[in-house]
Amino acid sequence: MDWHAWHGDYDDADSYLARRLRIVREWIGLTLDVAPPGPLRVVSLCAGQGRDLLGVLPDHPRGSDVTARLVELDPRNVGEARRGVAEAGLGEHVEVVEGDAALTDRYAGMVPADLVLACGIFGNVTDADVERTIGFLPQLCARGGTVIWTRHRGEPDLVPHVCRWFEERGFERVWLTEPERGFGVGVHRFTGEPEELAAGARMFTFLV
């Protein structure tokens with residue numbers, strides 16, 4: 001899969017990806033709106049070109065409170081994300097790391113986070129790895145932290161199981177897209193106690 005070319009669909013306002021992106025951005029903004037005062041940590045797994053977070057932070061009133069780490073393996077997408085950070089004047093706040101986002105070590109020093117973005121992952125790994133990744137999220141989330149995630153709704157529709165796996169691990173559902181949209185965007189808030197980050201663990205493996 002050419003993950004750099006894949007991002008081209010974001011430029012078509014009517015595409016599946018562009019419609020999904022608008023919802024993810026909306027929920028990033030809403031999450032920042034209700035976040036407690038003070039510094040906020042954000043981590044983005046498989047961040048791509050960072051279009052979700054970088055489309056919100058420059059104009060959001062809480063943008064300057066955010067310290068973020070975007071982790072992405074494709075060097076071309078890393079380059080695009082770093083250009084976006086520079087153009088938005090976010091260089092002091094947003095770090096783009098080139099590396100395997102599936103490895104827990106990539107998040108050391110940035111977790112527990114107030115917002116975790118897990119977008120574009122659950123549709124590209126096995127069902128078992130979806131559940132496995134959710135099992136690691138208590139290591140990435142602060143108490144009261146929010147996870148925004150995505151998953152297609154093709155048959156068999158895994159979204160109900162995704163919600164159940166979150167809720168079995170101490171997350172409460174905040175919002176979920178309606179099935180008729182054809183894609184899933186979910187928002188879950190962590191109500192448990194953060195767990196210690198496991199060193200050297202792999203959360204998932206991409207299928208393509």
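So, here's what we can say about the structure. From a predicted model like this one, the values you see are computed outputs, not experimental measurements. (Residues numbered from 1 in each chain as written. Predicted model: local features only at pLDDT ≥ 70, side-chain atom pairs only at ≥ 80, totals over all residues. Heavy atoms only, no water.)

## So, the overall build of the protein chain
A tally of helices and strands in the protein chain yields six helices and seven strands. In terms of C-alpha radius of gyration, the protein chain reaches 16 Å, essentially the compact-globule figure of 17 Å for 208 residues. Dimensions of the protein chain, computed from the C-alpha atoms along their principal axes, are close to 40 × 40 × 35 Å. In the protein chain, buried positions account for 51% of the 208 residues. Pairs at least 24 apart in sequence give 79% of the contacts found in the protein chain among residues at least 6 apart. For the protein chain, the distance from the average site of its 22 positive side-chain charges to the average site of its 33 negative ones is 1 Å. (Helix = DSSP H or I, 4+ residues; strand = E, 2+ residues; numbered from the N terminus. Rg over C-alpha atoms; globule rule 2.2 N^0.38 Å. Buried < 20%, exposed > 50% of the residue type's maximum accessible area, 1.4 Å probe, protein only. Contact = heavy atoms within 4.5 Å. Lys, Arg positive; Asp, Glu negative; His and termini not counted. Charge placed at Lys NZ, Arg CZ, Asp CG, Glu CD.)

## Describing the layout of surface pockets
Here the largest pocket defines a volume of roughly 500 Å³. Surrounding the largest pocket, 31 residues form its lining, Cys46, Ala47, Gly48, Glu72 and Phe206 being those nearest its centre. When residues of the lining of the largest pocket are traced back to their parent elements, those giving at least two are helix H1 (3-6), helix H2 (16-34) and helix H3 (51-54). No other element matches H2, which puts four residues into the lining of the largest pocket. In terms of residue class, the lining of the largest pocket is made up of 15 nonpolar, nine polar and seven charged. (1 Å grid on protein atoms, 1.4 Å probe; cavity = no way out; pocket = protein on both sides within 12 Å on 5 of 7 lines; lining within 4 Å. Points joined across faces, edges and corners; volume = space filled by probe spheres on them. Nonpolar A, V, L, I, M, F, W, Y, C, P; charged D, E, K, R; others polar.)

## Thoughts on the pattern of salt bridges
In the structure shown here, the tally under the stated rule is 14 salt bridges. Between arginine 169 and glutamate 168 there is a salt bridge, and its shortest N-O distance comes to 3.7 Å. Between arginine 189 and glutamate 172 there is a salt bridge whose closest N-O contact spans 3.3 Å. Taken together, the residues arginine 189 in strand E7 (residues 183-190) and glutamate 172 in strand E6 (residues 171-176) connect sequence positions 17 residues apart. (Salt bridge = Lys/Arg side-chain N within 4 Å of Asp/Glu carboxyl O.)

## Quick notes on the packing of helix H5 (residues 127-140) against helix H6 (residues 159-168)
The contact between H5 and H6 brings their axes to 9 Å, and the two run at 30°. When the axis of H5 is compared with that of H6, the two are roughly parallel. Taken as a pair, H5 and H6 cross one another with a handedness that is right-handed. Contact with H5, carried on its side by Asp127, Val130, Glu131, Ile134 and Leu137, involves Val162, Trp165 and Phe166 of H6 and no other residues of that element. A per-class count over the contact of H5 with H6 returns six nonpolar, no polar and two charged. (Axes fitted to C-alpha atoms, helices over the stretch in contact; angles between N-to-C directions. Parallel < 35°, antiparallel > 145°, perpendicular 65-115°, else oblique. Left-handed = near helix turned anticlockwise from the far one by under 90°.)

## Let's talk about the nonpolar core
The nonpolar side chains of a soluble globular protein tend to be buried, and buried together. Within the largest apolar cluster, 34 residues are counted, with the highest numbers of intra-cluster contacts made by Leu45, Tyr107, Val116, Val147, Trp149 and Phe166. Look past the residues within four positions of valine 147 in its chain and what remains in contact with it is Val116, Ala118, Leu137, Cys141, Phe166, Phe171, Gly186, Val187 and His188. In terms of nonpolar packing, the next biggest core, distinct from the first, is built from 29 residues, Ile23, Leu40, Leu117 and Phe183 among them. (Core = buried A, V, L, I, M, F, W, Y, C linked by side-chain atoms within 4.5 Å.)

## Side note on a nonpolar patch on the surface
On the surface, Met1, Leu207 and Val208 cluster together to form a nonpolar patch covering roughly 340 Å² of accessible area. Structurally, methionine 1 is set in the segment before H1. (Patch = residues over 30% accessible without salt bridge, like charges linked within 9 Å, V, L, I, M, F, W, Y side chains within 5 Å. Areas by Shrake-Rupley, 256 points an atom, 1.4 Å probe, with all protein chains shown as cover.)

## Looking at the pairing of strand E2 (residues 66-72)
Here E2 lies mainly inside the structure; six of its seven residues are buried. Inspection of the sheet shows strand E1 (residues 40-44) paired to E2 by five bridges, in the parallel sense. Pairing of valine 42 across the sheet is with alanine 68, part of E2. Crossover connection from E2 via helix H4 (residues 75-87) to parallel strand E3 (residues 94-98): handedness right-handed. (Pairing = 2+ DSSP bridges. Right-handed = clockwise from strand over helix to strand, strands pointing away.)

Everything listed here is a matter of coordinates, which is why it stays silent on function.
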